[in-house]
Amino acid sequence: MISSTELLYKISEIQSKGDKYYAPGLFPSQRFHLYLPFEREDNNIFFTASIVFILQNLRDKLAEEEQKLVNDICKKAITNYPDYKNKDGLDTYNFWRTDGSAHFPNGKILSHVNKIRIPDDADDTTLIYLTSNQKREKVLWLKNKLSQHANLSKKQITNTFHEYKNLKAYSTFFGKNMFIEFDVCVLCNILYFVFENKLSLNEHDYDSISFIRSVIEKGHYLEKPFYTSHSYPSSAVILYHVTRLLEKFEVPGLSEMKPKLTADLKMLFEKERDEMNKVILSTSLSRLGSLTPSFSPRERGAEHISPSFLQRGGRGWFFFHAGLLTAFENSVTYHLAGNSFFHLKYKCEAHRLVLVLENMIYR
């Protein structure tokens, strides 16, 4: 059986020491296609920042030896943040390096298609702000920057349910000419940044909360997860983000949704067959103060993870994906955009193990 300490050492071993694909401190990840024989190494900052975020939040729950290991992992990872900072010197961050490296790195075709080159985004930026020491003036600057790119500040969203088109919620991307996009998981990370820094709530915060609440109330995130979260089109992953926010903060208009979220989580947990989805559903239930039945990673109440689960779990499982057609703003391509054939999935073994570690600690 594998303990939390051993799991942390496995995560540390995966962290890059420096090679032709990954700078020292990054965590390797790959983009792949579910149906085509396609897989590429992808040196994005998203998984690295996400791992740091989870580990920093777990640190106080760990033993002293484990805390030292977490500090070392995080220190090495954070040194990579400057490579992803806005190419013009602004205090926002990109999914990929901004020093001239191609988007969709190591690609033979996509790296040459400028239409799908993405600007800096709110998801990576808020994760980086949350995991590094930022001066108050920068935090306030980012809050204003997010507002400048919210819906109806300059453009109106087209790729969402009609009922949400007048919400002044935050958009996923920065960039003057970029389309507006609402993504439940990205909005949860933005709101986490807002509440963590004790920032005053404005109309964009309230409308972002309204969007999240509505897609939960109406079941959109269960029935059509892609259309509520373009980058995280999974009901289990959406619930993971929502409960992560609600565990830490009392969110007006959203915290009272906990009973429905708990009921939805239990329903999904009983129906779910994918072991990694069960892991994050279990973590989400724990965040809301609810126990889950025993399941394959280990027996309920045990302190160790089964090695067989680590070997078999997560094959083909993804936490995040890139939709290749979401950048095209017309009804035909948007209808096709939800088809998984037009998606590239992303996997990261270290991130998967961190999610397993997180569940171990919570349970």
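This next bit is on the overall build of the protein. Looking only at helices and strands, the protein features 14 helices and 4 strands. Long-range pairs, those at least 24 residues apart, make up 68% of the contacts in the protein with a sequence separation of at least 6. Just so you have it, the protein exposes about 15400 Å², and 51% of that area is on carbon and sulfur atoms.

As a further point, take helix α11 (residues 275-287). Taking 1.5 Å of rise per residue, 13 residues should cover 18 Å, and α11 covers 19 Å from first to last C-alpha, within 8% of that figure. Burial of α11 is extensive: 13 of the 13 residues sit out of reach of the surface. For α11, the N-terminal capping position is held by D274, with its side-chain oxygen 3.0 Å away from the main-chain nitrogen of M276. At the exit of α11 stands G289, carrying a positive phi of roughly 85°.

Turning our eyes to something else, we now look at unusual backbone geometry. The residue L152 is not glycine, and still its phi comes out positive at about 75°. Within the secondary structure layout, L152 lies in the loop between α5 (136-148) and α6 (184-196). The class for L152 is partly exposed, based on a relative accessible area of 35%. Unusually for a residue other than glycine, K198 sits at a positive phi of about 55°.

Attention now goes to the pattern of salt bridges. Here the structure, examined in full by the defined rule, presents 19 salt bridges. Across the salt bridge formed by D88 and K87, the nearest N and O atoms sit 3.3 Å from each other. For the pair formed by D88 and K87, the shared burial category is exposed. In this structure, R352 and E349 form a salt bridge, with 2.9 Å as the shortest nitrogen-oxygen distance. Residue R352 and its partner E349 are located together in helix α14 (residues 349-362), separated by 3 residues, close to a single helical turn. Here the salt bridges do not stand alone but share partners, grouping D83, R97 and D99 into one network.

Attention now goes to the environment of A23. Position of A23 among the secondary structure elements: in the loop between α1 (4-14) and β1 (30-32). C-alpha separation for the pair A23 and D83, spaced 60 residues apart in sequence, amounts to 9.9 Å. A23 has contacts with S16, G18, N80 and R97, leaving out every residue within four places of it along the chain.

To continue, consider the confidence of the model for the protein. Confidence in the prediction for the protein averages 88 pLDDT; 82% of positions are at 70 or higher. Throughout residues 299-304 the model reports pLDDT below 50, and contacts reaching past four residues in sequence, or to other chains, amount to 14 contacts.

The next thing to look at is the packing of aromatic side chains. The final tally for this structure, using the stated rule, is 23 aromatic pairs. With centroids separated by 5.1 Å and ring planes inclined at 90°, the aromatic side chains of F226 and Y227 adopt a geometry described as edge-to-face. Overall, F226 belongs to the buried group, its relative accessible area being 5%. Of the aromatic side chains, those joined through ring pairs into one cluster are F46, F47, F95, W96, Y232, Y240, W317, F319, F320 and Y346. When the ring centre of Y240 is taken as origin, the NZ or CZ atom of R287, which lies over that ring, is 4.5 Å away. The side chain of K347 reaches across the aromatic face of F32, ending 5.2 Å from its centre.

So, about the packing of helix α2 (residues 46-58) against α14. As a packed pair, α2 and α14 sit with axes 10 Å apart at the nearest point and diverge in direction by 15°. In terms of orientation, α2 lies roughly parallel with respect to α14. The element α2 and its partner α14 pack so that their crossing is left-handed. The segment α2 lies against α14, with F47, S50, I51, I54, L55 and L58 engaging A350, H351, V354, L355, L357, E358, I361 and Y362. Split into classes, the residues belonging to the contact of α2 with α14 amount to 11 nonpolar, 2 polar and 1 charged.

What follows covers the side chain of T228. With respect to the secondary-structure elements, T228 resides in the loop between α8 (220-223) and α9 (235-248). The class of T228 is buried, set by a relative accessible area of 0%. Reaching out from T228, the side chain makes a polar contact with the backbone oxygen of P225 at a distance of 3.0 Å. Contact partners of T228, with chain neighbours within four places excluded, come to F161, F182, D183, V184, F211, V215, H220, Y221 and I238.

What follows deals with the nonpolar core. L55, F193, I212, V242, L254, L261 and F319 are the most contacted members of the largest nonpolar core, which has 101 residues in total. What L254 contacts, discounting residues up to four positions off in sequence, is I209, I212, R213, I216, L245 and L246.

We now examine the environment of R40. Inspection of the secondary structure assignment puts R40 in strand β2 (residues 39-41). R40 gets classed as partly exposed once you look at its relative accessible area, which sits at 21%. The sequence separation of R40 and S29 amounts to 11 residues, and the corresponding C-alpha distance is 8.6 Å.

Criteria and cut-off values
- Residues numbered from 1 in each chain as written.
- Predicted model: local features only at pLDDT ≥ 70, side-chain atom pairs only at ≥ 80, totals over all residues.
- Heavy atoms only, no water.
- Helix = DSSP H or I, 4+ residues; strand = E, 2+ residues; numbered from the N terminus.
- Contact = heavy atoms within 4.5 Å.
- Areas by Shrake-Rupley, 256 points an atom, 1.4 Å probe, with all protein chains shown as cover.
- Expected span 1.5 Å × (residues − 1).
- Buried < 20%, exposed > 50% of the residue type's maximum accessible area, 1.4 Å probe, protein only.
- Polar contact = N/O pair within 3.5 Å; in protein donor to acceptor, adjacent residues only side chain to side chain.
- Salt bridge = Lys/Arg side-chain N within 4 Å of Asp/Glu carboxyl O.
- pLDDT = per-residue confidence, 0-100.
- Phe/Tyr/Trp six-rings, centres within 6.5 Å; stacked < 30°, edge-to-face > 60°.
- Lys NZ or Arg CZ within 6 Å of the ring centre and 35° of its normal.
- Axes fitted to C-alpha atoms, helices over the stretch in contact; angles between N-to-C directions.
- Parallel < 35°, antiparallel > 145°, perpendicular 65-115°, else oblique.
- Left-handed = near helix turned anticlockwise from the far one by under 90°.
- Nonpolar A, V, L, I, M, F, W, Y, C, P; charged D, E, K, R; others polar.
- Core = buried A, V, L, I, M, F, W, Y, C linked by side-chain atoms within 4.5 Å.

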